Amino acid sequence: MSWRRIRHVVQPSPRAEARAEIAFHLEERRRELIASGVDPADARARAAAEFGPIEPVERAIADSTHRRHDRRQRTERFMNLTQDLHFGLRALRRNPVFAAAAIATLALGIGATLAVFNVVNGVLLRPLPYRHPERISMIWLSLRNDDGTQADLPLTSGFFSDIERDARTFESMAAFRAWPYALADGPSAEPERVAGARVTPALFRVLGAEPLLGRTFTPDEGRPGGPSVALISHDLWMRRFGGDKGVVGRTVYLSGAPFTVAGVMRQGFSFPRGAELPAPFGFGVRTDIWTPLVFDSTDRINYGTNNLSAVGRLPSACGEPAHCASVAQAELTGMLRTFLAANAPRLKLDYRLVSMADQASAAVRRPLLILLGAVAFLLLIAAANVAGLMVARAHARQRELAVRTALGAGRWRVTRQLITENLVLCALGTVAGLAIAYWGTTFMLRLVPGSLPRADDVALDWRVWGVASALALLFAVLFGVAASYTAAWRGTELAGTLHTGDARSAGGVGHRNMRRLLVAGEVGLSLVLLIGAALLVRSFVQLQRVRPGFDARGALVANVSIPVTRFQPAVDGPGWAATFQQVMARLAAAPGVAAAGATSGLPMTGMFEAGGVRPVGRTYDPGQAPSAQYSVVAGDYFTAAGIRLVTGRLFDASDAADGGNRSTIIVNRRFAREQYGSETAAIGQEVSPTFELNPGRPPRTIVGVVDDVRNVSLDAEPRPQVYLPVAQYPYPRMAVVVRVKGGPGADPRGAAPLIRDAVREANRSATVHDIRTMEDVVSESLARQRFSMTLIGIFAGVALVLAMVGLYGVLALIASQRRREIGVRLALGASPGDVVRMMLREGATVAAVGVAGGLLGALAVTRVLQSVLYGVSSTDTPTFAAATLFVVAVALAATWLPARRVARVDPRSALAAE
Amino acid sequence: MPRPDDLDLLQGTLDLLVLKTLSWGPAHGYSVARWITQLTDDVLTVGEGSLYPALHRLEERGLLTSEWRRSENNRKAKFYRLTARGRAQLHAENASWERFARAMGQVLRASEQPR
């Protein structure tokens, strides 16, 4: 074999060879000519002339030689590669435990990391599916309360009309609000509830959204009295209309009124997707139908009802989006200041611009980044484990490699084979990792159905493939280096290995310490993860212990919507009130029902609205009245929801008398205390809500004070709240709450048909949907916390298992290395107990170093969690202590096994080994 | 045998001649050229411009192998040798050629047009 190499080195290039061959021919011909009598001087010239042009021939045969060499090299390389692969697979099969451990560890590390990155990519990194999304900005109002807190408010139609008309720093602007519709094919057909939105026609221009079929709204359709047109989403088009291209121009019935379908939007467009609405996720994560939002003359001067989301596009001419936004902000602030100076000088109101990207994902950015950090830890642990496995294996193969070299295997050949083996491992691990990543992504998304913004945007794109490739490459390099490292040992230890017969002592100390360090690192990292998970669990438990102000057990909830195309309470109000009152009456009389009520603002669903409630007798500037969350209630809502009455009375039949012309109101404890000092002092007082449907209504008398309710979420303090009876303030959309007999443990789901029947009898066109228990509602509100807790808990568990496997491995290795020494000790009279204690000390040292490092790391790192923790500090001592003890216990258990095995070593066999 | 065009015929026949020449033993390119000329009584002269490419082509196809050796007068030359595949190819081509030659002869010797 080495001869061939010499020949390769010495062999001339194909070109030179060709030249030599031709030269030989010419020389022979010349000799022949001379031999036949030609003059030597002419012979050379004649030979050359006979041959003809040399250059092309030279080139042709040189190319031929090139091709031949290339083909031969390729075949050789291919044969070597297949041979290496064959050997590699065989080696792995001979060591299935090692192979399985390495592949599994690798797969877990890569898979988990890719799954998390995939979700992070979709939610945080990918640009939004609109044209130049960096130029699109949401426009909110920002109110600074007296207590210093700041609240984002939706716009009013008055404010929006003003800025739409006057603002110059926006290229285009649009307003929208969610509006669920009951979609039917005919005026009396069975309706299907679809998520809809009313939008000003400019919205599509702001977003840069083109329709797939038909067209979007014209400006005329946004004016009062314009035609009733609707746009449908791609999903709805496929689902309900079967992708029929003739749908454009068809008439559909939305909440009983006819609309013409003007167009179908492209796949993937379903704006607004929940985050852009003022009550995030109270309205679902995608929109399927759009109708025009029309402002009439009264709307344009309505500055009191905050119910509009607004979005604007910044012009590309003004430069950087950030700079552009600040210019726009300045203009809007200036406009508002002028307005307020004239109308409500003491109101601390301003506009707030939020970029679309921030709006869509701000709420989940922190938890997702924390998750990414956690999975990075897991990846490190997996890498350390695999490295440790490689090192251990390399060490075990010293012998085999030494023998191979002695038998004449080329050093490069051996190295190359090791690299191939390792790459096979790497490839198998990566493939398995991709499978885990796919499954992991599905699992993650299923954990938070409907609560993860931009879940639709999670898809494989170049960033995910890039990270996958980078990971695969990283591990490939790691493995390749490990392989060369292994092969390199051979050289230095060859003689020593074969002579002393003890392949395991020479050079063992150095890499033993490295393994110890690796494992200590793993233990530390897994401790950090464990502490993080434990903190999240504690926080979750604390959250669940919060008293929400209502009783979620044994209650069933259903959303009931009366179809409405124009919100005209003066006209339709009595009908709505009658519907709900009938439903309540029927339900109250139904068997098995302890209490039935309804509310327009079900806690934890974001359904509440807010407005000003002015105690009579005190003066306030416009817009400066104390703000309160308000909802409309029907039936025995407070009893059904388990909200305690503190003082006064609940609503009863008297509030519905006089055709709804009574004026009563119930407030919560916070409102009573803030305005009147105590709950009892509030009874009998009069207030004037700014959100009255009928502005001429007399002030309302406070007839009762109820407990504070956590309306927004379990971790937000309850705000001032007021309640109005439906007879006096009709509303078309309410959540029905039914409490069943049998106490808090009863299963309320049996009440579902009762609700449906009652609603159908009271109003045929009303739809009943989202039937779930109150406990489900509370549980859904905790979805995000549960998501973080579950995932980090899983990562911590896997990390701990990996770390313990690593610990066990290194201790088993040490035990086998020191067999001889242990044999000697036992022979000299040491007791098995001594030996076990020695091993335990080994393990304990490694674990202790790891735990110490882990604690320090945790103290530094967990402060990142503080913003998502509730009721627990990020340096909570009991949690730290418990997690540490747990890790120490598991580490000792992992140490115990090899220790026991070592203690049972027969001294004679240990000494006789080798 | 399918009807080749002129160039192919030239190449194919040259290949066959070369294979046959080498069937008597290894030789360098110059020898092959001279033998072909000698054996055909100077009827066929092989242009050197086509001979060497032919030799290399045959080597690429695996019908020949080559190695550098000392020639009769002790100078380094590239000697070509038939491989087993080359020998098999020679037999096959030979048989094809015989059939072709016979068929041509039949046509050319025909005294009257077939019915």
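Report follows, based on the coordinates. Computed from a prediction, not measured in an experiment: that's the story for all the values here.

**Quick notes on the overall build of chain B**
Right, on to step 1. In terms of regular secondary structure, chain B is built from 4 helices and 3 strands.
Right, on to step 2. Looking at the 115 residues of chain B, the share that counts as buried comes to 36%.
Right, on to step 3. Partitioning the intrachain contacts of chain B with sequence separation of at least 6 by distance along the chain shows that 49% fall at a separation of at least 24.
Right, on to step 4. Per element, the accessible surface of chain B, about 7,400 Å² overall, is 53% carbon and sulfur.

**Brief notes about the overall build of chain A**
Right, on to step 1. Helices and strands together make up the secondary structure of chain A, namely 27 helices and 25 strands.
Right, on to step 2. C-alpha extents for chain A along the principal axes are approximately 135 × 95 × 55 Å.
Right, on to step 3. Surface accessibility of chain A: about 41,000 Å² in total, with carbon and sulfur atoms responsible for 58%.
Right, on to step 4. Across chain A, the 101 positively charged side chains and the 75 negatively charged ones have centroids separated by 8 Å.

**Looking at the interface of chain A and chain B**
Right, on to step 1. With 20 residues of chain A at the interface, the matching set in chain B holds 22 residues.
Right, on to step 2. Counting the surface lost from both chain A and chain B, the interface buries some 2,000 Å², and carbon and sulfur atoms represent 53% of this.
Right, on to step 3. When the buried surface of chain A facing chain B is broken down by residue, Glu21(A), Phe24(A) and His25(A) rank first, second and third, together holding 33% of it.
Right, on to step 4. Linking chain A with chain B are 6 salt bridges.

**Description of unusual backbone geometry**
Peptide bonds are trans in most cases, and residues, glycine excluded, mostly fall at negative phi.
All names here are of chain A.
Right, on to step 1. The step from Phe271 to Pro272 runs through a cis peptide bond, and the omega angle for that step is -5 degrees.
Right, on to step 2. Within the secondary structure, Pro272 is located in the loop between strand S11 (257-265) and strand S12 (289-292).
Right, on to step 3. Its identity as a non-glycine residue notwithstanding, Asp770 has a phi of 55 degrees, on the positive side.
Right, on to step 4. Looking at the element boundaries, Asp770 is found in strand S25 (residues 767-773).

**Brief notes about the packing of aromatic side chains**
Right, on to step 1. Going through the model one piece at a time under the given rule, you end up with 20 aromatic pairs over all chains.
Right, on to step 2. Ring centres 6.3 Å apart and planes at 35 degrees place the aromatic pair Phe51(A) and Tyr52(B) in the tilted group. One end of the pair, Phe51(A), is in helix H3 (residues 40-51); the other, Tyr52(B), is in helix H3 (residues 48-60), on a second chain.
Right, on to step 3. Their ring planes at 65 degrees and their centres at 5.5 Å tell us that Tyr637(A) and Phe638(A) sit as a pair that is edge-to-face. Phe638(A) carries the same exposure label as Tyr637(A), and that label is buried.
Right, on to step 4. Arg198(A) extends its terminal NZ or CZ atom over the ring of Trp179(A), reaching a point 4.6 Å from the ring centre.
Right, on to step 5. Positioned over the ring face of Phe79(B) is Arg69(B), at 4.6 Å from the centre of the ring.

**Structural notes on the pattern of salt bridges**
All names here are of chain A.
Right, on to step 1. Taken as a whole and judged by the stated rule, the model has 48 salt bridges over all chains.
Right, on to step 2. Arg670 serves as the salt-bridge partner of Glu674, at 2.7 Å between the closest nitrogen and oxygen. With Glu674 and Arg670 both in helix H19 (residues 669-676), this residue pair falls 4 residues apart, about one helical turn.
Right, on to step 3. Given a relative accessible area of 43%, Glu674 falls into the partly exposed group.
Right, on to step 4. Through salt bridges with shared partners, a single ionic network connects Arg15, Arg19, Glu55, Glu58 and Arg59.

**Section: the packing of helix H2 (residues 14-35) of chain A against helix H4 (residues 54-94) of chain A**
Residue and element names in this part refer to chain A.
Right, on to step 1. H4 packs onto H2 with a crossing angle of 130 degrees between their chain directions and a minimal axis gap of 8 Å. By the angle between their directions, the pair H2 and H4 is classed as oblique. Between H2 and H4 the crossing geometry is right-handed. Along the contact surface, H2 presents Pro14, Arg15, Glu17, Ala18, Arg19, Glu21, Ile22 and Leu26, while H4 presents Ile54, Glu55, Val57, Glu58, Arg59, Ile61, Ala62, Thr65, His66 and His69.

**Quick notes on the pairing of S11(A)**
All names here are of chain A.
Right, on to step 1. Of all the 9 residues making up S11, 7 are buried; the element is thus mostly covered by neighbouring parts of the structure.
Right, on to step 2. With 4 bridges connecting them, strand S9 (residues 229-232) and S11 associate as parallel partners. Across the sheet, residue Ala230 finds its bridge partner in S11, namely Val261.
Right, on to step 3. In this sheet, S11 lies alongside strand S10 (residues 251-254) in antiparallel orientation, the contact comprising 4 bridges.

**Examining the sheet that holds strand S3 (residues 76-82) of chain B**
Right, on to step 1. On the basis of which strands lie adjacent, the open sheet formed by 3 strands has the order S1-S3-S2 (chain B) and antiparallel pairing. Unpaired on one side and paired on the other, strand S1 (27-28) and strand S2 (64-70) of chain B mark the two borders of the sheet.

**Brief notes about a negative patch on the surface**
Right, on to step 1. A contiguous patch of negative charge, built from Asp770(A), Glu775(A), Asp776(A) and Glu780(A), is present on the exposed surface.
Right, on to step 2. Among the elements that take part in the negative patch, helix H22 (residues 774-781) of chain A stands out by supplying 3 residues, more than any other.

**Regarding helix H24 (residues 819-827) of chain A**
Residues and elements named next belong to chain A.
Right, on to step 1. Taken as a whole, H24 has its buried residues at Ile822, Gly823 and Leu826. Here the buried residues of H24 occupy an arc of 105 degrees about the axis, which is enough to place them on one side.
Right, on to step 2. Looking one or two places after H24, you find Gly829, whose phi comes out positive at around 110 degrees.

Parameters and conventions
- Residues numbered from 1 in each chain as written.
- Chains lettered and ligands numbered in written order.
- Predicted model: local features only at pLDDT ≥ 70, side-chain atom pairs only at ≥ 80, totals over all residues.
- Heavy atoms only, no water.
- Helix = DSSP H or I, 4+ residues; strand = E, 2+ residues; numbered from the N terminus.
- Buried < 20%, exposed > 50% of the residue type's maximum accessible area, 1.4 Å probe, protein only.
- Contact = heavy atoms within 4.5 Å.
- Areas by Shrake-Rupley, 256 points an atom, 1.4 Å probe, with all protein chains shown as cover.
- Lys, Arg positive; Asp, Glu negative; His and termini not counted.
- Charge placed at Lys NZ, Arg CZ, Asp CG, Glu CD.
- Buried area = accessible area lost by both parts, 1.4 Å probe.
- Salt bridge = Lys/Arg side-chain N within 4 Å of Asp/Glu carboxyl O.
- Phe/Tyr/Trp six-rings, centres within 6.5 Å; stacked < 30°, edge-to-face > 60°.
- Lys NZ or Arg CZ within 6 Å of the ring centre and 35° of its normal.
- Axes fitted to C-alpha atoms, helices over the stretch in contact; angles between N-to-C directions.
- Parallel < 35°, antiparallel > 145°, perpendicular 65-115°, else oblique.
- Left-handed = near helix turned anticlockwise from the far one by under 90°.
- Pairing = 2+ DSSP bridges.
- Patch = residues over 30% accessible without salt bridge, like charges linked within 9 Å, V, L, I, M, F, W, Y side chains within 5 Å.
- Arc of directions from axis to C-beta.

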